[in-house]
Structure formats: C-alpha cells, structure tokens
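# Structural description and commentary
The primary structure of each chain is shown beneath.
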Amino acid sequence: MNTTPDPSAAQDLTERQNRPDLTGLVIVVAGAAGAAGPPLVERLARAGAMVVAAGSNRERIDAVVSDVAACIPSGQVHPAVVDLTDEQATREWAALVEREHCRIDGLVHLVGGWRGGAGIVDADLEDWNWLQDKLIRTLQHTSRAFHDAVKASPRGRLVLISSVQASAPTATNASYAAAKAAAEAWTLAVADSFKGSASAAVILQITALLTPAMRAAKPDAAFAGFTPVGELADTIHDLWLRPAAELNGQRL
C-alpha cells in the first residue's frame, strides 16, 4: 500500500478551506468562547460568512474575535455579550443583530456544560436545574429569537451540538443525558417547523471534543472517539453546502 502523502490532496484541502463559499451569509455562533467556538468562528469567517460570536463573558469573547482578526483582518467577526438564559435579553439582542445585518442565515448552538452524577438514586438533582438552564433554556431562547429570520433565509441552518449520551444514556450521566435529549427533541420540533422552507435544523452528536491544547499536553494519547475541534468546524461549515431537505431533522 502506498502511504506517501499526496501533495495535491493536501493542496485541494487547503484551497477548499480557503474558498469563500459562504460569502454574504450571516451566521450566529452562540457559545463562541467555548472549546469548539474559536475554530468554528475562524472557519466560517475564512469561508466568507459574517459571524456574530456570542458569549456571556466579554473578556473571553473579545479574545476570540481578536485571535480570528489576526488571521482574517476583514471585520467579518462581530462580538456579542448576552445572557442567553434571559429570554427578553436574548430577543432584544436577536432583533438588534437582524437590524444590523438585515438577515440571519444560521444559528449554531455551542452553549454547553457538563455535570456528572453518582447514579440514579444518589445524583444531586440540583445538577438538573443547572443543566436545564445551560443546555435547554439557552437553546429555546435562541431558537425562538432567531427562528423566523433563519426560516426565511434561502440557506438557513440551525445546528445543535449534542452528545451520544442523548441516545445511549448512562446512569452516572442521567441528568446530562436527559438534558441533551430534551435539547434534541426541541431541535427536531424546530425542524418540523422548517418543513417546506429552504432551511434545516440538524443535530451533530459527539462523544467528546479534542482541542489542540489537549493534544499538545498528551501527544501520544489515543483520544479514541474524540472529535477534533477543527474537524467539527469543517463539518458545521459543510452543512451550508448540502441541501436542506437532506439535513432537516437529522442526527449526524
């Protein structure tokens, strides 16, 4: 078997990643300061999209925007600080984004959080309250606030990053798995509301994320089943290149 790297294949990948095939689209990334946020914001902006990078911490969001601007100095990334657990604040922010950009072509929901448990009987149900706000309320508030604009887009996408725990829960992750399953059910309901339009709501299930820092800290570790954040960014980007009817209501 020939294992010599194909220079042309690497060049094709680089050219594909740099091609501005999302030019003109306005995409909101909620939870942009998390592990998956910076590479996604950069990927979308590099492809020509106008990206609104949203989070709850000004310092962290400004750092994301600054880092991306160092690579893509085009003013394509706009920071936003908002408490997505506050529905009124979320609605007001969404209305402002739409007024400023005149359209919304996508919402990627990266807002997350994890709390494990001690089994069905011993788990602290206060974890459920925390997870409900982080994983479900933020999705409800953002998807409601941006729903009509995304549905009206000729290439609208709503993307939820979920976990395989939603489909195969374990006892020690019961609250987390239940919250993820509820978020998926909400997303599938949004998909139903998108029927007949050119928009799609889609779920991406992962096991765990692998960041460059994690790889650098343990260069020899297998990280079996982990998804590199760069690969996730590419996958999300490519959702705007696939037909809505192929994606709407799907778990990938």
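Residues numbered from 1 in each chain as written. Predicted model: local features only at pLDDT ≥ 70, side-chain atom pairs only at ≥ 80, totals over all residues. Heavy atoms only, no water.

### What about unusual backbone geometry?
Positive phi, normally seen in glycine, also occurs at Cys102, with a value near 70°. In this structure Cys102 comes out as exposed when scored by relative accessible area, which is 66%. Positive phi is not limited to glycine here, since Phe223 has a value of about 50°. Here Phe223 is to be found in the loop between helix 7 (212-217) and strand 8 (226-228). By relative accessible area, which is 15% here, Phe223 ends up buried. (Buried < 20%, exposed > 50% of the residue type's maximum accessible area, 1.4 Å probe, protein only. Helix = DSSP H or I, 4+ residues; strand = E, 2+ residues; numbered from the N terminus.)

### Quick notes on the layout of surface pockets
In this structure, the largest pocket occupies an estimated 780 Å³ of space. In terms of lining, the largest pocket is formed by 32 residues, of which the most central are Gly34, Leu110, Val111, Gly112 and Gly113. At the level of elements, strand 2 (50-55), helix 5 (126-152), strand 5 (157-163), helix 6 (174-194) and strand 7 (208-210) are the ones that each hand at least two residues to the lining of the largest pocket. Among the residues forming the lining of the largest pocket, the class breakdown is 15 nonpolar, 13 polar and 4 charged. (1 Å grid on protein atoms, 1.4 Å probe; cavity = no way out; pocket = protein on both sides within 12 Å on 5 of 7 lines; lining within 4 Å. Points joined across faces, edges and corners; volume = space filled by probe spheres on them. Nonpolar A, V, L, I, M, F, W, Y, C, P; charged D, E, K, R; others polar.)

### Focus: the pattern of salt bridges
Here the structure, examined in full by the defined rule, presents 10 salt bridges. We note a salt bridge from Arg91 to Glu87, for which the minimum N-O separation is 3.5 Å. Separated by 4 residues within a single helix, Arg91 and Glu87 lie in helix 4 (residues 87-101), roughly one turn from each other. For Glu87, a relative accessible area of 25% puts it in the partly exposed group. For Arg242, the salt bridge goes to Glu246, with nearest N and O atoms at 2.6 Å. (Salt bridge = Lys/Arg side-chain N within 4 Å of Asp/Glu carboxyl O.)

### Focus: the sheet that holds strand 4 (residues 106-109)
The strand order 3-2-1-4-5-6 describes an open sheet built from 6 strands, whose pairing is parallel. With one partner strand each, in any of the chains shown, strand 3 (77-81) and strand 6 (200-206) form the two edges of the open sheet. Taking each pair of neighbouring strands and ignoring which way they run, the sheet shows an average axis angle of 20°. The pairing of strand 5 with strand 6 spans 7 bridges and is classified as parallel. When the bridges of strand 6 are listed, Arg157 appears paired with Ala200. Seen against the sheet, helix 6 touches strand 5 and strand 6 and runs at an angle of roughly 160° to strand 5. Its contacts with the sheet place helix 8 (residues 229-238) against strand 4, strand 5 and strand 6, and it is angled at close to 160° to strand 6. (Pairing = 2+ DSSP bridges. Axes fitted to C-alpha atoms, helices over the stretch in contact; angles between N-to-C directions. Contact = heavy atoms within 4.5 Å.)

This is a description of form; function is not addressed.
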